[in-house]
Amino acid sequence: MQIMITGATGQLGGLILENLLQKMPAGQIIAGVRNPGKTSELHQLGLETRIVDYDAPETLDKAFAGVTKLLLISSSNSDDQVRLAQHLRVIDAAQRAGVDHILYTSFAFSQKGNSDNVHSLTEQAVQDSGLRYTFLRNALYIDFVNVLDLKEAIRSGVLTTLPGNWRFNAVSRSDLALATAAILTQSGQENQSYELTASQTWTFDDLAGALAGLAGKPVIHREDPEMQHWFYNFLSTIDTVSTTTDLERWMGRKVTPLKESILPFIGPQQTQTF
Ligand code: NAP
C-alpha cells in the first residue's frame, strides 16, 4: 500500500506525516510537495517526495501513479473559486491514475449551511467521480484565537470581544493530525464522513478563564459592540457550534484542553498565523 499526503510541507501535512511514521514504514508513505526546494526535511525522514502542484495537472498524473490512498489536503489559496478548480484537477488526476481511495480534508458541518461552499462542492465532485472516499471534516483551527490578541488580554486583564452567543468546537491541528493518521491506516473507511470537532464547545468566558490560569492573574471577558474585526464576519458564516465525538473516538483520547492548546499563541515565539 502506498499512501500519499498532498500539502506535505504545510502545518497539518507535517503533523499527519509525524503521526503516520509512528504507524507504518516510511517506504509506504509519499509526501506530495508543491515546491521542490522544500523536500530536504522530508527526505531526512526517509520519505519519498513527488511534486504535486494543484495548478499543474502534469505533475499530478506522475505523482499519483501507484498510489493506493490519496489524502488531498485542501488548498490554501485565498480564492475559493481557484481552490475548487485545484481540487477538481486533483480528483480528475486521481481517477486517471486509478487511485483506490481518496480522503479529503473538508470543513466541519459545511453541509449544513449554504451548499455551494468550496468544501461541499469538492465533496460532491469526489462522490460524482465514483472514487471511494473519506471526508475528514475538520473543525476550525484553534489558531483563530490569534486574532483576539491574547497577549494584550493577559497584559490588561481584559479579553475584549464582539457581543454574541459565540461558542466554539475549534481544536488544534495536532489533534486533527492524530485522528487523520488513525483513519488513514484503518481499513474499512470507504465512503465515510467524520466531523472532527471538539466534543464540547467552549466560550470566550472559558477562554478568559484559561488565560487567567496560564497567566496566574485575573483576566475577565468583556464584550464591546464597537469591536471590529473581519474575522467575526467569517465566524458568522460557519458552524462553530455543532459537535460530535468523532475526533475523540479516532484519537483514542480527549481533545487537548483549551488551556494547553492556546499556549502557542501567548508565548514569546508566537509564529503561527491564521
Ligand atoms: P498551510 O500550512 O498553509 O499548508 C498548506 C499546504 O498546501 C502547503 O504544503 C502548501 O505548499 C500546499 N499548497 C498550497 N497551494 C498548493 C498548490 N497549488 N498545489 C499543491 N500544494 C499546495 O495550511 P495547513 O495549516 O496545513 O492547513 C491545511 C489546509 O486546511 C489549508 O490549506 C486550508 O485549505 C485549510 N484550512 C483550514 C482551517 C480550519 O480552521 N479548519 C484554517 C485555515 C486553513 P507550499 O509549502 O508550497 O506553500
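Not measured: the values here are computed from a predicted model. (Residues numbered from 1 in each chain as written. Predicted model: local features only at pLDDT ≥ 70, side-chain atom pairs only at ≥ 80, totals over all residues. Heavy atoms only, no water.)

Trainee: Can you break down the overall build of the protein chain residue by residue, with the values?
Mentor: Within the protein chain, the regular secondary structure consists of eleven helices and nine strands. In terms of principal-axis extent, the alpha carbons of the protein chain reach across some 55 × 40 × 35 Å. For the protein chain, with 274 residues in total, the buried portion stands at 50%. Sequence-distant contacts in the protein chain: of pairs separated by 6 or more residues, those separated by 24 or more amount to 79%. Just so you have it, the protein chain exposes about 12,700 Å², and 47% of that area is on carbon and sulfur atoms. Separation of charge centres in the protein chain, based on 22 positive and 29 negative side chains, amounts to 4 Å. (Helix = DSSP H or I, 4+ residues; strand = E, 2+ residues; numbered from the N terminus. Buried < 20%, exposed > 50% of the residue type's maximum accessible area, 1.4 Å probe, protein only. Contact = heavy atoms within 4.5 Å. Areas by Shrake-Rupley, 256 points an atom, 1.4 Å probe, with all protein chains shown as cover. Lys, Arg positive; Asp, Glu negative; His and termini not counted. Charge placed at Lys NZ, Arg CZ, Asp CG, Glu CD.)

Trainee: Would you mind going over the nonpolar core in detail, with residue names and values included?
Mentor: Among the nonpolar cores identified, the biggest contains 55 residues, and Ile-5, Ile-16, Leu-20, Phe-64 and Leu-70 are the most heavily contacted of them. With residues near it in sequence (within four places) discarded, Leu-20 still touches Ile-3, Ile-5, Ile-29, Ala-181, Leu-184 and Thr-185. Among the nonpolar cores identified, the runner-up in size contains 28 residues, and Leu-140, Ala-210, Leu-258 and Phe-265 belong to it. (Core = buried A, V, L, I, M, F, W, Y, C linked by side-chain atoms within 4.5 Å.)

Trainee: Lay out the confidence of the model for the protein chain with the relevant residues and their values.
Mentor: With 97% of its residues at a pLDDT of 70 or more, the protein chain shows a mean pLDDT of 95. pLDDT under 50 marks residues 269–274. Its contacts with residues more than four places away, or in other chains, come to 18 contacts. (pLDDT = per-residue confidence, 0-100.)

Trainee: Can you break down the site of the ligand residue by residue, with the values?
Mentor: Near the ligand, the surroundings consist of 24 residues, among which Thr-9, Lys-38, Ser-74, Tyr-141 and Arg-173 are the closest. Measuring from an oxygen atom of the ligand, one finds a backbone N or O atom of Gly-7 at 3.2 Å. Contact with the protein chains hides 85% of the accessible area of the ligand, taken as 900 Å² for the molecule alone. Elements represented by at least two residues in the shell around the ligand include exactly helix H1 (11–21) and helix H4 (80–97). Considering only residue class, the shell around the ligand consists of nine nonpolar, nine polar and six charged. (Near = heavy atom within 4 Å. Polar contact = N/O pair within 3.5 Å; in protein donor to acceptor, adjacent residues only side chain to side chain. Nonpolar A, V, L, I, M, F, W, Y, C, P; charged D, E, K, R; others polar.)

Trainee: An account of the packing of H4 against helix H5 (residues 118–129) is requested, with residue identities and associated values reported.
Mentor: The contact between H4 and H5 brings their axes to 10 Å, and the two run at 20°. Taken together, the axes of H4 and H5 lie roughly parallel to each other. Crossing geometry of H4 relative to H5 is assigned as right-handed. Residues Asp-80, Arg-83, Leu-84, His-87, Leu-88, Ile-91 and Gln-95 of H4 pack against Val-118, His-119, Leu-121, Thr-122, Ala-125, Val-126 and Ser-129 of H5. Residue composition of the contact of H4 with H5, grouped by class: seven nonpolar, five polar and two charged. (Axes fitted to C-alpha atoms, helices over the stretch in contact; angles between N-to-C directions. Parallel < 35°, antiparallel > 145°, perpendicular 65-115°, else oblique. Left-handed = near helix turned anticlockwise from the far one by under 90°.)

Trainee: Describe the pattern of salt bridges, listing the residues and the values that go with them.
Mentor: Inspection of every chain in the model, using the stated rule, returns twelve salt bridges. A salt bridge links Asp-175 to Arg-253, with the nearest nitrogen and oxygen atoms 3.1 Å apart. With a gap of 78 residues between them, Asp-175 in helix H7 (residues 173–184) and Arg-253 in the loop between helix H10 (246–251) and helix H11 (258–261) connect regions that are remote in the sequence. Residue Asp-246 pairs with Arg-249 through a salt bridge whose shortest N-O separation is 3.1 Å. Taken together, the positions of Asp-246 and Arg-249, both in helix H10 and three residues apart, correspond to about one turn of that helix. When its relative accessible area of 12% is taken as the criterion, Asp-246 is described as buried. In the salt-bridge network here, residues are joined through shared partners; they are Glu-123, Arg-137 and Glu-195. (Salt bridge = Lys/Arg side-chain N within 4 Å of Asp/Glu carboxyl O.)

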